[in-house]
Amino acid sequence: MCQSSVAFLLGKSIWTMTLQAQELTRLTGDYDSIKSLALHPKGIAWSSMGQVFVQWNGESSSEQLTYSSTPVSVLGWNQDQIVIKTGSKHPFEISEIFLLCPCSKQWTRVACGEANAIAWDDQNRCVIQRAGYRYGAWQRYQGGTVGNLWIDTEKNQNFSPLLNNNQYNYVCPVCVKDRIFFLSDVSGWGNVHSVLWDGSDMRQHTKNLEFYPMHLTGTQDHLVYTVGGTLHVLSVKDEVVKTVCVPISAGATKNDTSYNAGSYYRTCALSKTGKHLSIVSRGQLFQMTCYKGPVWQLPYGQEPFGHYRCLQWLSDKELIAVCDEGKQDVLHLFQDIGSIETVYKWDDFSGIQREWGRITVMEAHPEKRRLVLSNHRHELFWLDLEQKNGQWIETVFEECTQKREEIAGVSWSPCGQALAYGLPSRAHSSSIVIYDVQNNQRHVVVEDIFENVFPVFDPKGRYLFFFSARHVESTFDPVHFSSQFEAPLLPFVVTLLKDTPSLLYAALEEQHQKSENGNALEDEKNKKFLTSQKKKMQNKVQKHNQAL
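Parameters at a glance
Residues numbered from 1 in each chain as written. Predicted model: local features only at pLDDT ≥ 70, side-chain atom pairs only at ≥ 80, totals over all residues. Heavy atoms only, no water. Helix = DSSP H or I, 4+ residues; strand = E, 2+ residues; numbered from the N terminus. Buried < 20%, exposed > 50% of the residue type's maximum accessible area, 1.4 Å probe, protein only. Contact = heavy atoms within 4.5 Å. Areas by Shrake-Rupley, 256 points an atom, 1.4 Å probe, with all protein chains shown as cover. Phe/Tyr/Trp six-rings, centres within 6.5 Å; stacked < 30°, edge-to-face > 60°. Lys NZ or Arg CZ within 6 Å of the ring centre and 35° of its normal. Patch = residues over 30% accessible without salt bridge, like charges linked within 9 Å, V, L, I, M, F, W, Y side chains within 5 Å. Salt bridge = Lys/Arg side-chain N within 4 Å of Asp/Glu carboxyl O. Core = buried A, V, L, I, M, F, W, Y, C linked by side-chain atoms within 4.5 Å. Pairing = 2+ DSSP bridges. Axes fitted to C-alpha atoms, helices over the stretch in contact; angles between N-to-C directions. Lys, Arg positive; Asp, Glu negative; His and termini not counted. Polar contact = N/O pair within 3.5 Å; in protein donor to acceptor, adjacent residues only side chain to side chain.

Details of the overall build of the chain
Here's step 1: Across its full length, the chain holds one helix and 44 strands.
Here's step 2: When burial is assessed residue by residue, the chain has 42% of its 548 residues classed as buried.
Here's step 3: Counting only contacts in the chain whose residues sit at least 6 apart along the sequence, the fraction spanning at least 24 positions is 36%.
Here's step 4: Only carbon and sulfur atoms are counted for the fraction: they give 51% of the accessible area of the chain, which is about 30,900 Å².

Written out as structure tokens, the structure is:
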């Protein structure tokens, strides 16, 4: 945003519009992968295909300013210089801020260290954003890469944290008079907030409850941001939010936009009879039949509660999923295509004395209404939906949470009385454990000498298949002067009973038994045929004697 005009990306073109008269102007033609742009009274700068372009007012052609080997993004303008960020000298996602002169095309590093956004006020005080890479995609994320703001009030290039609470995201800083405006999910959902330069007097200026706001920018009077693809203008003086309608014709963006549906797909689950298919796309739950009929969104006829994942079918008409309702994971049970039948929380089950955290894996019982789940702490537990009880199978302490890796595969037995899972114990080694649900007993069937993962029972429950990285035969690399290990992860099988034959002998025995059964059936058929022929001959002889 600049003065009373706002620039935005629609399709593959850049448009500008005045807020008062809502006059729409198309500045550029079709550009591939435009990532960011910034408006200036003299022109507009943007980044496309990892390079920076500028187009001055009154000109119809653009000029490419950078030819960098690493992607460069436009953050804004600082007087007559373009503010850009790039990680040309750093691996991974670490980036630094530079000032790009449009005339000389020279870069000047801003001495602020790692940063993803920057803003200055009228007194040349500076505020930067560090981390915050996935704001808006990881909603209510509270991990180690949340965005945080750092300020330099003394103008000596020594930055200090603005806010003490680093549990929530603080991104897209904008300096307006004596306050710093930014986007944050500190209220549980993404909204526009502001604080003073000393970090005090935090205020919430918007009340979004559906989509997260993105791309906050503005001037001393108005702030502009997007919510769900629509433009919103926040008046700084009276704190009134207005939605800006873009007056664009239907054919103006024809063939401009193409969407990849596969990029929004997360997971799916097929019902036990193959009649219904449930899909999670962009965090929302959909269901459809595999042969005819429409696609409907769950919960049917209601507003979605949050983002769904980990789908499991308990029966052909019962679907259960994990939902991040609020800041806590809950289980939603759907009855056919109707509304939610039951919502399960961690304190609804006896035996689960503490919060189960963020659920990452869920497997349903083959017959009963039971579930086995794993969480972000790499713990394992099971739940009985009918009896409303549960039991922790594997737990960790806080001091050893970072030492154990995630549970490597969970599988129910065909009878549903036991489950097998891969339990990592130390680096590059894990064991296969069978847990007796009825007696709450653990049995280690494969020791943790090697890396053993993803156990699966056979349909009859006699064998347990799993992958193991124990094939460590080295070969000489034909390209690099060293040895290499090809295909160390191979499938293995273990028998679960003493009298169970080896898998190869079992196949031979089944084939032999089938042949014997086939021979017995053939003999029985021959006997029946001979008996029928004998009866026919007797009937003929009897009729002949009667005729004589």
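With respect to the environment of M17
Here's step 1: Note that M17 resides in strand β2 (residues 13-18).
Here's step 2: In this structure M17 comes out as buried when scored by relative accessible area, which is 1%.
Here's step 3: Setting aside anything within four residues of it in sequence, one finds M17 in contact with S4, S5, V6, F8, Q22, E23, L24, V244, C245, V246 and P247.

Some thoughts on the packing of aromatic side chains
Pairs of aromatic rings are described using the distance from one ring centre to the other and the angle between the two planes.
Here's step 1: Tallying each qualifying case throughout the model produces twelve aromatic pairs.
Here's step 2: Centre to centre, the rings of W46 and F53 are 6.1 Å apart; their planes meet at 15°, and the pair counts as stacked. With respect to class, W46 is no different from F53; both count as buried.
Here's step 3: Between W356 and F381, the ring centres sit 6.0 Å apart and the planes meet at 15°, which makes this aromatic pair stacked. With a gap of 25 residues between them, W356 in the loop between β31 (340-344) and β32 (359-364) and F381 in strand β34 (residues 380-384) connect regions that are remote in the sequence.
Here's step 4: The rings of Y344, F349, W356, F381 and W392 are connected pair by pair, giving a single aromatic cluster.
Here's step 5: The lysine or arginine in question, R282, covers the ring of Y264, its NZ or CZ lying 4.9 Å from the ring centre.

Here we look at unusual backbone geometry
Here's step 1: In this structure, P299 follows L298 across a cis peptide bond, with omega equal to -5°.
Here's step 2: Along the chain, P299 falls in the loop between β27 (295-298) and β28 (308-315).
Here's step 3: Unlike most non-glycine residues, K105 shows phi in positive territory, near 60°.
Here's step 4: Topologically, K105 is positioned in the loop between β10 (96-100) and β11 (107-109).
Here's step 5: Assessed through its relative accessible area of 33%, K105 is described here as partly exposed.

So, a nonpolar patch on the surface
Here's step 1: Residues V456, F465, V493 and L503 make up a contiguous nonpolar surface patch of roughly 280 Å² in combined accessible area.
Here's step 2: Position of L503 relative to the elements: it lies in helix α1 (residues 503-547).
Here's step 3: What makes L503 partly exposed here is its relative accessible area of 33%.

As for the nonpolar core
One recurring pattern in soluble globular proteins is that nonpolar side chains are buried together.
Here's step 1: I320, L331, W356, M362, L371, L373 and L383 are the most contacted members of the largest nonpolar core, which has 20 residues in total.
Here's step 2: Those elements that place two or more of their residues in this core are β28, β29 (318-323), β30 (330-335), β32, β33 (370-375) and β34.
Here's step 3: Take this core: its biggest share by element is three residues, from β32.
Here's step 4: For L371, the contacting residues outside a window of four places in its chain are L314, I320, L331, M362, E363, A364, F381, W382, L383, L385 and W412.
Here's step 5: Counting 15 residues, the second-largest nonpolar core is a separate cluster that includes L183, V192, Y225 and L234.

Re the sheet that holds strand β23 (residues 241-244)
Here's step 1: If you trace the four strands from one edge of the open sheet to the other, you get β20-β21-β22-β23, paired in antiparallel fashion. Each end of this open sheet is capped by a strand with a single partner; those strands are β20 (213-218) and β23. This sheet shows a mean twist of 25° between the axes of neighbouring strands, independent of strand direction.
Here's step 2: Looking at chain direction, strand β22 (residues 230-235) and β23 are connected through four bridges and run antiparallel. Its bridge partner lying in β23, L231 is registered against V244.

A few points about the sheet that holds strand β14 (residues 148-152)
Here's step 1: Taken together, the four strands give an open sheet; going across it, the order is β12-β13-β14-β15, and neighbouring strands pair in antiparallel fashion. Two strands close off the open sheet at either side, each with one partner strand: β12 (117-120) and β15 (160-161).
Here's step 2: Relative to β14, strand β13 (residues 126-130) is paired through five bridges, and the arrangement is antiparallel. In the strand pairing of β14, C126 is matched with D152.

Re the pattern of salt bridges
When their charged atoms lie close together, side chains carrying opposite charge are able to pair.
Here's step 1: For the coordinates displayed, the defined rule picks out 13 salt bridges.
Here's step 2: Two residues, E379 and R354, come together in a salt bridge whose shortest N-O distance is 2.6 Å. With E379 in the loop between β33 and β34 and R354 in the loop between β31 and β32, this pair connects stretches of sequence that are 25 residues apart.
Here's step 3: The exposure class of E379 is buried, given its relative accessible area of 0%.
Here's step 4: Between E386 and R369 there is a salt bridge whose closest N-O contact spans 3.7 Å. Of this pair, E386 sits in the loop between β34 and β35 (389-394) while R369 is found in the loop between β32 and β33, placing the two residues 17 residues apart along the sequence.

What about the side chain of R130?
Here's step 1: Along the chain, the position of R130 falls in strand β13.
Here's step 2: Buried and without a salt bridge, R130 has E114 as its closest oppositely charged side chain, separated by 6.0 Å.
Here's step 3: Within the structure, the side chain of R130 is placed 2.8 Å from the backbone oxygen of C112, a separation counted as a polar contact.
Here's step 4: At 2.9 Å, the side chain of R130 and the backbone oxygen of E114 are in polar contact.
Here's step 5: Sequence-distant contacts of R130, that is, excluding residues within four places in its chain, are made with C112, G113, E114, A115, N116, V146, G147, N148 and W150.

Comments concerning the environment of N148
Here's step 1: Take N148: it is sitting in strand β14.
Here's step 2: Classification of N148 by relative accessible area gives buried; the value is 16%.
Here's step 3: It is 8.4 Å that separates the C-alpha atoms of N148 and I128, two residues lying 20 residues apart in sequence.
Here's step 4: A distance of 3.4 Å separates a polar side-chain atom of N148 from the backbone oxygen of V146.

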